[in-house]
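Chain by chain, the residues:
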Amino acid sequence: MAGQAARGVAGIARFVLVVAATFLGLLAITFFIGRVVPIDPVLAVVGDRATAAVYEAARERMGLDRPLLVQFFSYVGDVLTGNLGQSISTGRAVVDDLGRFFPATLEMATVGILIGVALGVPMGVTAARRQGSWADQVIRVLGLLGYSVPAFWLGLVGLAVFYAGLGWVAGPGRIDIFYEGLVEPVTGIYLIDSLMAGEWEVFWNAASHLLLPASILGFFSLAYIARMTRSFMLDQLSQEYVTTARVKGVPERRVIWRHAFYPIRIQLITVIGLSYASLLEGSVMIETVFSWPGIGRYLTVALLNADMNAVLGATLVIGSVFILINKVSDVLYRILDPRARR
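Residue numbers restart at each chain and count upward from 1, following the sequence in its written direction. With the structure being a predicted model, the display of local features is reserved for residues of pLDDT at least 70 and the display and counting of side-chain atom pairs for 80 or more, all residues being used for whole-chain, interface and lining totals. To obtain the side-chain values, all non-hydrogen atoms of the structure were used and water was disregarded.

Caption draft 1: Broad picture of the overall build of the chain. Per the secondary structure count, the chain includes 14 helices and zero strands. A helix here means a DSSP run of H or I that spans at least four residues, while a strand means a run of E at least two residues long, and both kinds are numbered starting from the N terminus. For the chain, the α and β elements follow one another from N to C terminus as α-α-α-α-α-α-α-α-α-α-α-α-α-α. Dimensions of the chain, computed from C-alpha atoms along their principal axes, come out at roughly 85 × 65 × 40 Å. Each of the 342 residues in the chain was classed as buried or not, and the buried ones make up 39%. Whether two residues touch is decided by their heavy atoms; if any such pair falls within 4.5 Å, the residues are in contact. The contacts of the chain with a sequence gap of at least 6 include a subset with a gap of at least 24, amounting to 71%. Charged residues are defined here as Lys and Arg on the positive side and Asp and Glu on the negative side; His and the ends of the chain fall outside this count. Here the site of a charge means NZ on Lys, CZ on Arg, CG on Asp, or CD on Glu. Averaged over its 27 positive side-chain charges, the chain has a centre that lies 16 Å from the centre of its 24 negative ones. A 1.4 Å probe rolled over the protein chains alone gives each residue an accessible area, and that area as a share of the maximum for its type sets the label: buried under 20%, exposed over 50%, partly exposed in between.

Structure, rendered in structure tokens:
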């Protein structure tokens, strides 16, 4: 028992050290990105018509006159205390902006990945089970479309057909103006906050706005998940133990979902984690088309305005999400596969 406890503590310590080292590396990358990009943060603040004296005063106030290593340690200290600076674009603290915009992206990406998993996994299993059939061909074509169709084009077509044409969903934005301010933001996720407040009209309005952009994101994740599930399942279905189970008369449904699918669930965790992370950081075009006030759109506006504090803050959040999802996937991997715990 004492040995198991010691191994458990050592494992937790290694996990914390790896996360801390990875986060420190992320801080270094974001810091040096801010120093090598051809954007002068001082000019972004004072303007290109400022005098040399004003420019130097602003540069000194921003700490850019200090040695690079001193600036880096100061940056790390600021980040660890939650100080990401002031945004030029919004005039607010970057931390406040991220707390306002990131939940919108999180909401859309989460619904998108749920759609992708709910449809992509069964489609991949079906394609592998019926390899070479018309169902397999259709699923493979859908997967190819998910890789090749531009997100902005699919978003515009979706708006034209389902919003302007059929009127099945609400238009751009997260919610109608009429419902804004009716629900106190607790999590920043409208679906959750409206349910907590018991505001069902707000919930359904937010869901109507969310359905189309989340479905488009779900389509892109579906393509990747279905393709990888099909590949994993084809490998398992060719194994001898699956053939043996069929020869013994095991029902086909049990053969597919117990004998073939059960071993690939560990691989799918990684696939789903990577897909979820890509939705969180790669939804810029969808957010732009649907006027979705998420972190992708915030980052785009910040780049156009040379707002480096906002750019670095958003980059740091996206990188942290990747680290978190990767570590959660690793923990789930160890839980599901006893061999990984050794």
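Caption draft 2: Spatial organisation of helix α4 (residues 68-80). Along its 13 residues, α4 runs 18 Å from first to last C-alpha, staying within 8% of the 18 Å computed at 1.5 Å per residue. Taken as a whole, α4 has its buried residues at Gln71, Phe72, Tyr75, Val76 and Val79. Along the axis of α4, the buried residues cluster in a sector spanning 140 degrees; they form a single face. Residues Phe73 and Leu80 are exposed on α4 and point more than 90 degrees away from its buried face. Immediately beyond the C-terminal end of α4, within one or two residues, lies Gly82, with a positive phi of roughly 80 degrees. The length a helix should cover is 1.5 Å for every residue beyond the first. Each C-beta atom gives one direction from the helix axis, and the arc is the one those directions make.

Caption draft 3: Looking closely at the packing of aromatic side chains. Stacked, tilted and edge-to-face are the three classes assigned to paired rings of Phe, Tyr and Trp, where Trp is represented by its six-membered ring and a pair needs centres within 6.5 Å; plane angles under 30 degrees give stacked, over 60 edge-to-face, the rest tilted. Going through the model one piece at a time under the given rule, you end up with 10 aromatic pairs. An angle of 40 degrees between the planes, with centres 5.9 Å apart, marks the rings of Phe162 and Trp168 as tilted. Using a relative accessible area of 62% as the deciding quantity, one classes Trp168 as exposed. Three or more aromatic residues link up through ring pairs in this structure, and these residues are Phe31, Phe72, Phe73 and Tyr75. Consider the ring centre and the ring normal. A charge sits over the ring if Lys NZ or Arg CZ is within 6 Å of that centre and within 35 degrees of that normal. When the ring centre of Tyr190 is taken as origin, the NZ or CZ atom of Arg174, which lies over that ring, is 3.9 Å away.

Caption draft 4: Layout of the pattern of salt bridges. For salt bridges, the criterion is a side-chain nitrogen of Lys or Arg within 4 Å of an Asp or Glu carboxyl oxygen. This model, assessed by the stated rule, comprises three salt bridges. With a closest N to O distance of 2.8 Å, Arg92 and Asp97 form a salt bridge. In this structure Asp97 comes out as buried when scored by relative accessible area, which is 0%. Here Glu107 makes a salt bridge to Arg174, at a shortest N to O gap of 2.6 Å. In this pair, Glu107 is assigned in helix α5 (residues 94-129) and Arg174 in the loop between α7 (151-165) and α8 (190-197), connecting sequence segments 67 residues apart. A single burial state applies to Glu107 and to Arg174, both of which are buried.

Caption draft 5: Region of the structure containing the side chain of Gln236. Within the fold, Gln236 resides in helix α9 (residues 200-237). Ignoring anything within four residues of it in the chain, the contact list for Gln236 reads Tyr241, Val242, Ala260, Pro263 and Ile264.

Caption draft 6: Geometry of unusual backbone geometry. Its identity is not glycine, yet Ser291 carries a phi of approximately 50 degrees, on the positive side. Within the secondary structure, Ser291 is located in the loop between α12 (284-289) and α13 (295-304). You can call Ser291 partly exposed: its relative accessible area is 33%.

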